[in-house]
Amino acid sequence: MNNQKSGYVFLMDCADFAEAQVVKSFLESQGLHPKVRDEQTRGVAPHFGQLLGRLTLEIPEIEYMEASKALESRERPRLTIAPEFSYEHTQSLAKKSLWNAIIGCVFLPLICNFYSMILGYHVLQQEVPLSKISRNRLLWAIFFNSLAFYVWLTLGPRIFLKNI
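The rules behind these values
- For every chain, the first residue of the written sequence is number 1, and numbering continues from 1 onward in sequence order.
- Local features in this predicted model are restricted to residues whose pLDDT is 70 or higher, and side-chain atom pairs enter the listing and the counts only when it is 80 or higher, whereas totals over whole chains, interfaces and linings include all residues.
- Side-chain figures throughout are based on the complete set of non-hydrogen atoms in the structure, without hydrogens or water.
- Per the convention used, a helix needs a DSSP run of H or I reaching at least four residues, while a strand needs a run of E reaching at least two, with both numbered from the N terminus.
- Note on exposure labels: buried denotes an accessible area under 20% of the residue type's maximum, exposed denotes more than 50%, and partly exposed covers the range between, all computed with a 1.4 Å probe on protein chains only.
- Put simply, a nonpolar core is a bunch of buried Ala, Val, Leu, Ile, Met, Phe, Trp, Tyr and Cys residues held in one set by side-chain atoms that sit within 4.5 Å of each other.
- Whether two residues touch is decided by their heavy atoms; if any such pair falls within 4.5 Å, the residues are in contact.
- Axis definition: a line fitted to C-alpha atoms, limited for helices to the stretch in contact. Angles are taken between N-to-C directions and run from 0 to 180 degrees.
- Helix crossings get a hand from a simple test, with the near helix turned counterclockwise from the far one by less than a right angle marking a left-handed crossing and a clockwise turn marking a right-handed one.
- Classification used: nonpolar for Ala, Val, Leu, Ile, Met, Phe, Trp, Tyr, Cys and Pro, charged for Asp, Glu, Lys and Arg, polar for all others including Gly.

> Quick rundown of the environment of glycine 156? Include the residues and the values.
With respect to the secondary-structure elements, glycine 156 resides in helix H8 (residues 156-162). The exposure class assigned to glycine 156 is buried, which follows from its relative accessible area of 3%.

And the structure:
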């Protein structure tokens, strides 16, 4: 390593002090010389954490590429792309949810509406982007389910108990 004084450059932001220490320790084990900006201030006065903002890990400019490669080799991808079949599956679930809500308003009250609500929950649980049509189908399903529950739970007992 050169004995030249080189400036430190930004490497990454850390969420908390523990993460910064783990990353710093890893980089030091690789023979690099990282530092955490304002490390001493945070150690002595942790209540200044909000004032100082996020923890910034810095590295000498000449070690930047090596540090970046070391971190990339250890990092797992955080973002996964949903497979296409999942997207199509949620689109069809949204459509089934709407049809069950409509059927629940007319023919089979409450049973179809509960099933429609379960289908809508499964669509939202998968966290897959929906098309505009599918979003509208889910909104309409919520509307029809609300209407069916209101009608069948307020007027239904009056109609059926009157005939008994």
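Here the narrative resumes, following the displayed structure.
> So what about the nonpolar core? Which residues, and what values?
With 14 residues, the main nonpolar core has Leu11, Met12, Val23, Leu27, Leu57, Ala67 and Leu71 as its most contacted residues. Breaking this core down by element, the ones donating at least two residues are strand S1 (8-14), helix H1 (17-29), strand S3 (55-60) and helix H4 (64-74). Look past the residues within four positions of leucine 57 in its chain and what remains in contact with it is Val9, Phe10, Leu11, Met12, Ala20, Val23, Lys24, Leu27, Pro34, Lys35 and Val36. Within the second largest apolar cluster, 6 residues are counted, among which are Leu93, Ala94, Val123 and Leu130.

> Describe the packing of H1 against H4, naming the residues involved and giving the relevant values.
Look at H1 against H4: their axes get within 10 Å of each other, and the N-to-C directions meet at 115°. The two elements H1 and H4 cross, and the hand of that crossing is right-handed. Touching Val23, Phe26 and Leu27 of H1 are Ala67, Ala70, Leu71 and Arg74, all from H4. Partitioning the contact of H1 with H4 into residue classes produces 6 nonpolar, no polar and 1 charged.

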